[in-house]
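Structural characterization, general
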Amino acid sequence: MQFFLEVFIGGLLAGMLYALVALGFVLIFKASGVLNFAQGAMVFFAALTFVGFSDRLARWFGASPDASPVFWAALALTAAAMVLLAWVVERFMLRKLVNQPAITLFMATIGLSYLIEGVAQGTWGAAVHGLDLGIADEPVMWLLERYNLMISKFDLSAAVVAGVLVAVLALFFQYTKVGRALRAVADDHQAALSVGIPLQRIWVIVWAVAGFVAIVAGLVWGARNGVQFALTYTALKALPVLILGGLTSVPGAIVGGLIIGASEKLAEVYLGPYVGGGIDSWFPYVLALVFLLIRPEGLFGEKHIDRV
Amino acid sequence: MKLKKAWLTAMAVATVWGAAGSAAQAAEQYIGLPSYRVGSYAAGGTGVFGGWIDYMKLINERDGGVNGVKLVWQECETEYNNARGVECYERLKQHGEQQNVLFAPVSTGITFAVFERVAQDKIPLLSIGIGRSDTADGRVFPWVFPMIATYWSQASAIVGYLGQREGGMDKLKGKKIAVLYLDFAPGKEPFPVLDRLAQKWGFTTEKIAVAMPGNEQQAQWLQIRQMRPDYVILLTYGVSNPTALKTAARTGFPADRIVGWWWAGAEEDVVPAGEAAKGFVAGAFDPAGTDFPVIQDIQKYVYAKGQGDMQDPKRVGSVYYNRGVGHGIIYVEALRLAQEKFGKGKPVTGEQMRWALENLKLDEKRLEAIGAKGLMPTLALSCADHEGSGRVRFQQWDGEKWVPVSDWIEPDRELVRSLVEESAAAYAKEKGITPRDCSKEQ
């Protein structure tokens, strides 16, 4: 039982990390109806830009890259870079594709992901970097001593961050004027334009917010596994979460993340040995497929009804 | 008359100029480099190909080339992708009038993909530390050179190292070893050797797969925790290395009881894991360090003049970089040998290069003369043996740098060679290949 709980809780916490990446997808889909294939590349770009600025600032001012002022300055500069990226995407890609079919926009984001990956490595180099956020990646001692459960402090902290982020974003979408405008844009570009919603500004805002989410995801995943190209693969973990939670639901990303995280870990441990192991890469997709058959819009997605 | 004289003079000048030009062109040796500087494995690609290119620059700058033949190269970006690797192979095959004389993709997948093409095109395929282990049998695979050590030799050396740590191979009896492997072809390549050695020495192995890319391993390490093994052999690559070390620390498994293969033993594999990597041991056929005279020469002749290939000069002397220098040394030494046999001061062909690789011998004396003593093991290839060494060294990460913790460890040659011959013979039978009779070849 203790082992089961360890696997289960570890899976839930990993699921929160997947949800963190899934959030970026949800934000952009909610506001523009685009499944942003470049979200993984944005996570990589954000983390590499942060580390790049940290290194340079530390060198220029003779400080440690882990020093607090360096951290906050690098974070601010990275946020500025993500806003710039959002503006560039809107100005040179989205503006040309207003009211185009979703598949066109999706294809454009595939191209965008290659561009972002190339720009990131071209600008900051291909080296792998370590990232220390000051949160120890070790078991919570009282859980270990009292229940013999190994639960990572780092994963717990990351889960709290993801939870807070979701709460803030849910409130933002529900109760702010910009949030309502974002939802209107998602429903119909032309209708939103006709009632005076500044489509271009809204797109910059939503891509910038997705950029900020990418920074958080990039820092958490970068601190966990290193800042390297493989951060782009975090998107692969987010896709089944999206299918399960629904493409338009912020809380759905969390619930989907929790289900995917826990089930993939349990499947790996209890089913894996019978099929050669290493099944946690495809099991979430099978699970998502089953959900698709039952609820095509996901657990919390908006039901799509067409008049005949 | 004057006009005729001027015309003749012009003709003569043009002829001499042309001849000089073609002589200058002839005094160049071309090699095509299928590098990977972007994408998931760019850290490895920039290091290995950076080191190789820097060594060629050193030879050009310090020695004026190989017997006066300048080394030239052309890169093609593979992104460590098999399809792109094949495309690069075709693109790099010919360069003006010169054919590529060596193809070294530093990727097991691309090695497999061009495996049969190299024999048709007569271009030797260099697969140092990668590729199929049975290609060490040169009688069946005349164009493939899995030099220094194959995955099978490496697996045997890892077990040998564990035996040394325990105080003797017999002490491995009853030990439990978890093998955590990335679920791709190279990750599974060492299994036959590990299984036979487990039988021979009486230890047990439990193999646990990590799906690509391996950026989440909580379930695997919880299984290892429950299993309570004496050691974990780590056969992972890229992001799965720091992830393994971090997750091991998170689940309380000590890093010094994890022994990785050489694709887990670069700075890029341990730096992102921070404190969790301290004590981790990994195999190497190219130890890290800048104390080797050849690396110091590169700094003096190449970097001091601002001509280095590495974007970050601090990476000079790192594991991947030194691996690239090792590739460069083998290439240049084979070139030198080929020139001695087929004509000094002239570029060589793929067939001549193959002869040289098969007859290459790098003993301690020669390695010392090159300034690479300790940077790589001694080598002695033959028609039948395309590996030439099989020795592996182990180094431990102290949080700052790799520290050697063993001398060159010999693999179980008898066992590895019998497996190589068995597998190569099966391949020959399947493909209808008649193995070469090495006693008839010079």
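Residues numbered from 1 in each chain as written. Chains lettered and ligands numbered in written order. Predicted model: local features only at pLDDT ≥ 70, side-chain atom pairs only at ≥ 80, totals over all residues. Heavy atoms only, no water.

Topic: the overall build of chain A
Looking only at helices and strands, chain A has 12 helices and 0 strands in total. The order of α-helices and β-strands along chain A, N terminus first, is α-α-α-α-α-α-α-α-α-α-α-α. For a compact globule of 308 residues, the expected C-alpha radius of gyration is about 19 Å, and chain A comes in at 20 Å, within 12% of that figure. With the C-alpha coordinates of chain A rotated into their principal frame, the extents come out at 60 × 60 × 35 Å. (Helix = DSSP H or I, 4+ residues; strand = E, 2+ residues; numbered from the N terminus. Rg over C-alpha atoms; globule rule 2.2 N^0.38 Å.)

Points about the side chain of Asp-280 of chain A
As for its position among the elements, Asp-280 of chain A is in the loop between helix 11 (250-270) and helix 12 (283-294). The charged side chain of Asp-280 of chain A is buried without a salt bridge, its nearest counter-charge being Lys-265 of chain A at 5.0 Å. (Buried < 20%, exposed > 50% of the residue type's maximum accessible area, 1.4 Å probe, protein only. Lys, Arg positive; Asp, Glu negative; His and termini not counted. Salt bridge = Lys/Arg side-chain N within 4 Å of Asp/Glu carboxyl O.)

Here's the deal with the nonpolar core
In this structure, Met-147, Trp-221, Phe-280 and Tyr-331 of chain B are the most contacted members of the largest nonpolar core, which totals 123 residues. Looking at this core, the element that brings in the most residues is helix 12 (residues 319-342) of chain B, giving 11 residues. Core analysis: the second largest hydrophobic core is formed by 91 residues, Phe-44, Leu-48, Leu-112 and Ala-217 of chain A among them. (Core = buried A, V, L, I, M, F, W, Y, C linked by side-chain atoms within 4.5 Å.)

Things to note about a nonpolar patch on the surface
Residues and elements named next belong to chain A. Together, Tyr-274, Val-275, Trp-282, Val-286, Val-290, Leu-293 and Ile-294 make up an exposed nonpolar region whose accessible area comes to about 820 Å². Within the secondary structure layout, Leu-293 lies in helix 12. The class for Leu-293 is exposed, based on a relative accessible area of 72%. (Patch = residues over 30% accessible without salt bridge, like charges linked within 9 Å, V, L, I, M, F, W, Y side chains within 5 Å. Areas by Shrake-Rupley, 256 points an atom, 1.4 Å probe, with all protein chains shown as cover.)

A word on helix 8 (residues 218-227) of chain B
Residues and elements named next belong to chain B. The buried fraction of helix 8 is high, at 9 of 10 residues. Within helix 8 the residues assigned to the buried category are Gln-218, Ala-219, Gln-220, Trp-221, Leu-222, Gln-223, Ile-224, Arg-225 and Met-227. Among the residues trailing helix 8, Arg-228 stands out with phi positive, at a value near 50°.

Let's talk about the layout of surface pockets
Of the pockets and cavities examined, the second largest pocket occupies roughly 970 Å³. As for the second largest pocket, its lining consists of 35 residues, and the residues nearest its centre are Phe-229, Thr-232 and Tyr-233 of chain A together with Ser-40 and Glu-79 of chain B. Per-element accounting of the lining of the second largest pocket gives the leading share, 6 residues, to helix 4 (residues 102-124) of chain A. Counted by class, the lining of the second largest pocket contains 20 nonpolar, 12 polar and 3 charged residues. (1 Å grid on protein atoms, 1.4 Å probe; cavity = no way out; pocket = protein on both sides within 12 Å on 5 of 7 lines; lining within 4 Å. Points joined across faces, edges and corners; volume = space filled by probe spheres on them. Nonpolar A, V, L, I, M, F, W, Y, C, P; charged D, E, K, R; others polar.)

A short note on empty space enclosed by the protein
Under the criterion given, the structure shown has 5 cavities of 30 Å³ or more. Approximately 140 Å³ is the volume found for the largest cavity. If you trace the largest cavity, you find 18 residues lining it, with Val-128 and Gln-228 of chain A together with Ser-40, Ala-43 and Gly-238 of chain B closest to the centre. Going through the elements one at a time, helix 2 (42-63) and helix 10 (267-270) of chain B are the ones with two or more residues in the lining of the largest cavity. Considering only residue class, the lining of the largest cavity consists of 10 nonpolar, 6 polar and 2 charged. Lining the lining of the largest cavity are residues from two domains, each supplying at least three of them: domain 1 (24-149 + 289-380) and domain 2 (152-284 + 395-413) of chain B. (Domains from an automatic or database assignment.)

Some words on the confidence of the model for chain B
Residue-level pLDDT values for chain B average 91, and 94% of them are 70 or greater. Across residues 12-24 of chain B, confidence stays below pLDDT 50; counting only partners more than four residues off in sequence or on other chains, it has 0 contacts. (pLDDT = per-residue confidence, 0-100. Contact = heavy atoms within 4.5 Å.)

A few points about the sheet that holds strand 9 (residues 231-235) of chain B
All names here are of chain B. Read across the open sheet, the 7 strands follow the order 8-7-9-10-11-14-15; overall the sheet is mixed. The open sheet has two free edges, formed respectively by strand 8 (204-210) and strand 15 (402-404), since each of these has just one partner strand. The average undirected angle you get between the axes of adjacent strands in this sheet is 30°. (Pairing = 2+ DSSP bridges. Axes fitted to C-alpha atoms, helices over the stretch in contact; angles between N-to-C directions.)

Things to note about the interface of chain B and chain A
Listed per partner, the contact involves 34 residues of chain B and 41 residues of chain A. Of the roughly 3,000 Å² buried at the junction of chain B and chain A (both faces included), carbon and sulfur atoms supply 54%. At the surface where chain B touches chain A, the tally comes to 5 salt bridges. If you look at where chain B meets chain A, you find 9 residue pairs in polar contact (both at pLDDT 80 or more). Elements with a contribution of two residues or more to the side of chain B that touches chain A: helix 2, helix 8 and helix 9 (240-250) of chain B. (Buried area = accessible area lost by both parts, 1.4 Å probe. Polar contact = N/O pair within 3.5 Å; in protein donor to acceptor, adjacent residues only side chain to side chain.)

Quick word on the state of the cysteines
Residues and elements named next belong to chain B. Inspection of every chain in the model, using the stated rule, returns 2 disulfides over all chains. There is a disulfide in this structure between Cys-76 and Cys-88, and the S-S distance comes to 2.0 Å. Handedness here is read from the sign of the S-S torsion; for Cys-76 and Cys-88, about -75°, the answer is left-handed. Of the two residues, Cys-76 is situated in the loop between strand 2 (70-75) and helix 3 (82-92) and Cys-88 in helix 3; the sequence distance between them amounts to 12 residues. Judged by relative accessible area, Cys-76 falls into the buried class, the value being 6%. In this model, Cys-383 is linked to Cys-438 through a disulfide, with the two sulfur atoms separated by 1.9 Å. On the S-S bond that ties Cys-383 to Cys-438, the torsion sits near -70°, and the link is left-handed. Linking Cys-383 in the loop between strand 13 (379-380) and strand 14 (393-397) with Cys-438 in the segment after helix 15 (413-431), this pair joins segments that are 55 residues apart in sequence. Accessibility classification places Cys-383 together with Cys-438 in one group, the buried group. In chain B, the cysteines engaged in disulfides, taken in order along the sequence, are linked 1-2, 3-4. (Disulfide = S-S within 2.5 Å.)

Some thoughts on the pattern of salt bridges
Residues and elements named next belong to chain B. Evaluated as defined, the whole model comprises 43 salt bridges over all chains. For the salt bridge of Asp-412 with Lys-200, the shortest nitrogen-to-oxygen distance reads 2.6 Å. Note that Asp-412 is positioned in the loop between strand 15 and helix 15 and Lys-200 in helix 7 (residues 191-201), a separation of 212 residues in sequence. Among the residues examined, Asp-412 registers a relative accessible area of 17% and is labelled buried.

A closer look at the domain arrangement of chain B
All names here are of chain B. Along its sequence, chain B is organised into domain 1 (24-149 + 289-380) and domain 2 (152-284 + 395-413). The C-alpha-based centres of domain 1 and domain 2 are spaced at 28 Å. With 22 residues of domain 1 at the contact, the number on the domain 2 side is 18 residues. Buried area between domain 1 and domain 2, summed over both chains or domains, comes out near 1,700 Å², and the portion from carbon and sulfur atoms is 63%. Of all residues in domain 1, the largest losses of buried area upon contact with domain 2 belong to Tyr-41, Val-319 and Tyr-320, amounting jointly to 31% of the total for that side. Where domain 1 touches domain 2, the interface holds 1 salt bridge.

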